[in-house]
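# Report on the structure
Chain by chain, the residues:
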Amino acid sequence: MSSPAPTTRAERQTRAVHTWWSVGGVLCVAVAAGAWYALSLRPATHELDATWQAVERAYDYLSTENSLRDRLEAARAQRDQLAEQLAASEARLSTRSDETGFLSWFSEAAARCKLTVKDYRPAGAVAYGEYEGHALQLTGSGSYDAICLVLDDLRHCDQMNRVTNLVVAAEGADRSQLSYALRVELVTTADEVAARRVEHR
């Protein structure tokens, strides 16, 4: 039920003052809330956003750091593997050719693989820049499997070597035996390179 309309001028003025005070109060509250948002809440929101962006950058950095660490570990493992391969190769590489030792090794390998050695002879020297090759020509006979086994064993010989030529021909009516002519070069360090290595020790 609505209140009765003011009848006197004083009541009307009092009612108007109350209305203006109510409107003024609402406006003051709105202005105070706007000022509070502008002065405290908005900067806090910006600061929170900046902090979150900094956290995201830190996570990105950590992710990048972990990725780089993994790549570095992989590179180190590869370097160590290559160093081992180089050390193994250098261990097989001597400063002089040991033809007698190689022929002894080849004879044992051939006997183990059932391959015969009929003849061998020096076939000259070959230059490889910082390295030299002292060639040997070997001839003999055996099965295809025996020849393949000896060729595979050559990769594991204590002396660095290089097969530069292999000629095979069938023997006999059943063609199960093959004659072979094998040219092997024993790779050694060139004399001047060996001399420089001795000087740097």
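If you're wondering where the values come from, they're calculated on a predicted model, not measured in any experiment.

Within the chain, the regular secondary structure consists of four helices and four strands. The linear arrangement of helices and strands in the chain, starting from the amino end, is α-α-β-β-α-β-β-α. Counting every position in the chain, which comprises 201 residues, the buried fraction comes to 19%. Pairs at least 24 apart in sequence give 66% of the contacts found in the chain among residues at least 6 apart. Counting only carbon and sulfur atoms, one obtains 58% of the accessible surface of the chain, whose full area is about 14,800 Å².

Now for the pairing of strand β2 (residues 131-142). Note: strand β1 (residues 116-128) against β2, 10 bridges, orientation antiparallel. Considered in β2, the bridge of Ala127 is made with Glu132. Here β1 folds back onto β2 in antiparallel fashion, the turn holding two residues, of which Gly129 has a positive phi close to 70°. Taken together, the 12 bridges between β2 and strand β4 (residues 177-189) define a ladder with antiparallel strand orientation. What sits directly across from Ala135, in β4, is Glu185.

Phe102, Phe106, Leu115 and Leu138 are the most contacted members of the largest nonpolar core, which totals 18 residues. Broken down by secondary-structure element, the contributors of at least two residues to this core are α2 (99-112), β2, α3 (144-154) and β4. A total of five residues in this core trace back to one element, the largest contributor, which is β4. In this structure, Leu138 is in contact with Phe102, Leu103, Phe106, Val117, Asp119, Tyr120, Tyr180, Ala181, Leu182 and Val184, ignoring residues within four places of it in sequence.

All told, the structure shown has two aromatic pairs when counted by the stated rule. Ring pairing ties together the aromatic residues Phe102, Trp105 and Phe106, which thus form one cluster.

Bringing the side chain of Asp153 into the picture now. Within the secondary structure, Asp153 is located in helix α3. The residues touching Asp153, leaving out its near neighbours within four places in the chain, are Trp105, Ala109, Arg112 and Cys113.

What follows deals with the confidence of the model for the chain. Averaged over the chain, the pLDDT score is 76; the fraction of residues at 70 or greater is 69%. Across the chain, the element-wise mean pLDDT spans from 46 in helix α4 (residues 191-200) up to 93 in α3. For the stretch residues 192-201, pLDDT sits under 50, and the model shows six contacts to residues farther than four places along the chain or on other chains.

On the surface, a nonpolar cluster with roughly 590 Å² of combined accessible area is contributed by Trp52, Val55, Tyr59, Tyr61 and Leu62. A residue is classified by how much of its surface remains accessible, and Leu62, at 42% relative accessible area, is partly exposed.

A word on α2. The first and last C-alpha atoms of α2 sit 20 Å apart over 14 residues, in line with the 20 Å expected at 1.5 Å per residue. Of all the residues in α2, the buried ones are Phe102, Leu103, Phe106, Ala109 and Ala110. End-on view of α2: buried residues confined to an arc of 130°, all on one side of the axis. Relative to its buried face, α2 has exposed residues pointing more than 90 degrees away, namely Thr100, Glu108, Ala111 and Arg112. One or two residues past the end of α2 sits Lys114, with phi positive at roughly 60°.

In this section: the sheet that holds β4. Strand order in the open sheet formed by four strands is β1-β2-β4-β3, and the pairing between neighbours is antiparallel. Strands at the two margins of the open sheet, each flanked by one partner only, are β1 and β3 (161-171). Across the sheet, the axes of successive neighbouring strands diverge by a mean angle of 15°, strand direction being ignored. One ladder, built from 10 bridges, connects β3 with β4; its direction is antiparallel. Residue pairing across strands places Glu171 opposite Gln177, the latter belonging to β4. Running at roughly 175° to β3, α3 makes contact with β2, β3 and β4 of the sheet.

Cut-offs and rules
Sequence order as written defines the numbering, with residues in each chain counted from 1. The predicted nature of this model means local features are confined to residues of pLDDT at least 70 and side-chain atom pairs, given and counted, to a pLDDT of 80 or more, with totals for whole chains, interfaces and linings taken over all residues. Side-chain measures were taken over the full set of non-hydrogen atoms in the model, leaving aside hydrogen atoms and water. Secondary structure elements are taken from DSSP: a helix is a run of H or I of four residues or more, a strand is a run of E of two residues or more, and numbering for both begins at the N terminus. Categorising residues by exposure relies on relative accessible area from a 1.4 Å probe, with only protein chains included: less than 20% of the type maximum marks a residue as buried, more than 50% marks it as exposed, and the intermediate range marks it as partly exposed. What makes two residues a contact is simply this: any of their non-hydrogen atoms within 4.5 Å. Computed by Shrake-Rupley with a 1.4 Å probe, the accessible areas treat only the displayed protein chains as cover when residues are assessed. If DSSP finds at least two bridges between two strands, the strands pair. To qualify as a nonpolar core, a set must consist of buried Ala, Val, Leu, Ile, Met, Phe, Trp, Tyr and Cys residues joined through side-chain atoms within 4.5 Å. For this analysis, a ring pair means two rings from Phe, Tyr or Trp (six-membered ring only for Trp) whose centres lie within 6.5 Å, classed as stacked if their planes differ by under 30 degrees, edge-to-face if by over 60, and tilted for the remaining angles. For every residue, the predictor assigns a confidence score, pLDDT, that lies between 0 and 100. Patch membership is restricted to residues that have no salt bridge and whose relative accessible area is over 30%. Joining uses 9 Å for like charges and 5 Å for the nonpolar side chains Val, Leu, Ile, Met, Phe, Trp and Tyr. Should a side-chain nitrogen of Lys or Arg be within 4 Å of a carboxyl oxygen of Asp or Glu, the pair is scored as a salt bridge. Multiply 1.5 Å by the residue count of a helix minus one, and that product is the helix's expected span. Summarising the geometry, the arc corresponds to the directions from the helix axis toward the C-beta atoms. Simply put, an axis is a line fit to the C-alpha atoms, just over the touching stretch for a helix, and the angle between two N-to-C directions goes from 0 to 180 degrees.

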